Amino acid sequence: MRTLQATPLSASVPASLRAMGKLVSPYGLVSRLTWLPVTEGEPDFQVYSGSLGNPGAVLTSQSAWAHDPASGNFDGAGGALDRETAAHLAAAESLERYSSIAWDPQGMIWATAAELGKDAIPPWDWPTCSPAELADPRCGLIPADPAVPLRWVEGWSFTRGRKVYVPAVQVYLKCSPESAAERHVHPASTGCATHADPLAAVANGMLEVVERDSIALTWLQRLRLPRLEVDLGELSAEQQAFVERGTSENIRTLLFDATTDLGIPVVYGVQLADHDCDLAQLVVATCDSDPGKAVAKLYREAASLRIALRSMAGRSTRPERPEDTVSVIDGALLAGPRDQRHKFDFLLEGDRPVRRLSELPRPGGGAEPLPWLLERMAAAGCEVVVVDLTTDEARQVGATVVRVMVPQLMPLSFAHRARYLAHPRLYDAPGAMGHPVHDETGINPHPQPFA
C-alpha cells in the first residue's frame, strides 16, 4: 500500500474539499492517507483510507481509547475517479469520525426528562426494543426509567423551530452510559455529516438517516423491492463515468428502488460475484435528492466497501452464532459466501415491478435539496433534529459537522439482539408502501448484511 503524508491540491478536487488537505500531516488530525489498491478484475476506483491515530491523546473523554476497526471504522475512507479527490474525501470523513467522538462533559446537562419539560425528546420517544428483545439478557439494552437522570445536549428542531434537548448517547459515539437511563440505545454513526456549507451538511446527514431507515425496513421486512432500470442517457457525464468505472465483467450489480413512503429516492444494490469466495454477495444503498447521483454513488461506495470487507475477511473472528452479531462488518461477512445467497431470495427471485430511474421523485425546477427534504419529512409527520458537532479542527478548515436525527424513522442496528423491533414504523411503513407486513415473529432472522 502507498502511504501519503499530504496530498497536493488540484483543480480536480471540488472547492468544498480543498481545505481538508490542511488536516493531513504527521502532526495533524489525519496523520497519513493510505492508497488502497483494488483486486485485479474489480472496479478500478481510487480509494484512500485516513488514519486518526489515537484520539485519546487529545480528547480527555477518550483517554481509554482502544482502536478496533470491527467495532466501528473511525478512520475515514474516500473513493473517487481520481486519487486526489479520494484522498480529500478520506480526510473529510476522518474529520467527521473524530468530531462524532469529541464530546465535552461540560457541554452536557444531567437531568430527568421531566426536569427539562417540553423541550426534551426523552428516550421513550426514540425507537425501542420489543419486550422479547429486552427479555434477552444479551440484548444489552434496558428501558429508560423516567426517574433516573441522564446526560442531554442541545439540538435544534427544524420541525418545532426552536431548541430542544436530546440524550447525549443518541448523539455521540464512544459515549459510554453513565446511568441506567442511558442504556436504551446502541450508538451508531447514522446522520453524521461534514461539509464546507452548513446547509449541505444538514442535507447530507438527513439523506443518510433516510437511507438507513430504508435499509432496515428492506431487510427486516424482506421487502420485494421493484427492480430499477437505469439508462446511461439519463445520467450526467460524471454520473455515467462512475457507473462505467464501477461495471465489471466479474461482478453483477442489481439495482432496486428502495424509496419509501417518504418519497425521497433510495437506491438499493446487491452485487453478485460468483468468483469471490468471501464476497459473492454484497449490499450497498444510497440516498440522494438526485436519483442519478445516488446511482453513481452506489457504484463508488460498493468498490470501497469491497476493499474494506476483504481486508477484514481473513482476520475478523465471526460470532459462533449469527444472533451474536454486534459488529458493523459481521453481518456482511456472514452473508458474503456463495452458499449464503439464499438469504437474498426475496430480492433475487420471483417476478416484481420494474421502475425506471426517471420515475423516482426529485425536487422540481432546480429547487435546493434541504427545503425539499424538510417538506417531505414534515408531510410524513417526522421531526428533524440537528446537533452541531463542529470541533476546533473543523472550524480551522471551514467545515461544519452535524448529527441529524429523526426519532420517527427506523434505525439501522448491527446488534442482532437489539434491532428496535417495537418501533411502530417497522410495521406501518411496509403497508403504506403496498408491501405485505410481517409481525415480529416473521421478521428476517438473518443478521443485517449492510456494513
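Look up a bit, the structure's there.
Residues numbered from 1 in each chain as written. Predicted model: local features only at pLDDT ≥ 70, side-chain atom pairs only at ≥ 80, totals over all residues. Heavy atoms only, no water.

**Thoughts on the pairing of strand 14 (residues 385-388)**
Piece 1. Across 2 bridges, the pairing between strand 6 (residues 150-157) and strand 14 is antiparallel. In the sheet register, Trp156 faces strand 14, and the bridge partner there is Val386.
Piece 2. Bridging between strand 14 and strand 15 (residues 400-405) involves 4 bridges; their strand directions are antiparallel. If you follow Val386 over to strand 15, its bridge partner there is Val404. (Pairing = 2+ DSSP bridges. Helix = DSSP H or I, 4+ residues; strand = E, 2+ residues; numbered from the N terminus.)

**As for the environment of Leu33**
Piece 1. By secondary structure assignment, the location of Leu33 is in strand 2 (residues 32-35).
Piece 2. Considered as a pair, Leu33 and Leu81 are 48 residues apart in the sequence and their alpha carbons are 17 Å apart.

**Notes on helix 13 (residues 425-432)**
Piece 1. Residues Arg425, Leu426, Ala429 and Pro430 constitute the buried set of helix 13. Each buried residue of helix 13 lies within a common arc of 120 degrees when the element is viewed along its axis, so the set occupies one face. Opposite its buried face, helix 13 presents the exposed residues Asp428 and Ala432, each directed more than 90 degrees away.
Piece 2. On the buried face of helix 13, the contacting elements are helix 6 (198-220).
Piece 3. Backbone geometry just after helix 13 places Gly434 at a positive phi near 85 degrees. (Buried < 20%, exposed > 50% of the residue type's maximum accessible area, 1.4 Å probe, protein only. Arc of directions from axis to C-beta. Contact = heavy atoms within 4.5 Å.)

**Details of unusual backbone geometry**
A negative phi angle is the norm for most residues apart from glycine, just as the trans form is the norm for most peptide bonds.
Piece 1. In this structure, Arg222 is a non-glycine residue whose phi angle is positive, near 50 degrees.
Piece 2. Positionally, Arg222 belongs in the loop between helix 6 and strand 9 (227-229).
Piece 3. The backbone of Tyr420 sits at a positive phi, close to 60 degrees, despite the residue not being glycine.
Piece 4. Looking at where Tyr420 falls in the secondary structure, it is placed in the loop between strand 15 and helix 13.

**Regarding helix 11 (residues 369-379)**
Piece 1. Among all positions in helix 11, only Leu370, Trp372, Leu373 and Met377 are buried. Looking straight down helix 11, one finds that the buried residues subtend no more than 165 degrees of arc, so they occupy a single side. Of the exposed residues in helix 11, those oriented more than 90 degrees away from the buried face are Glu375, Ala378 and Ala379.
Piece 2. Looking at the buried residues of helix 11, the elements they touch are helix 6.
Piece 3. A positive backbone phi angle near 75 degrees is found at Gly381, which sits one or two residues after helix 11.

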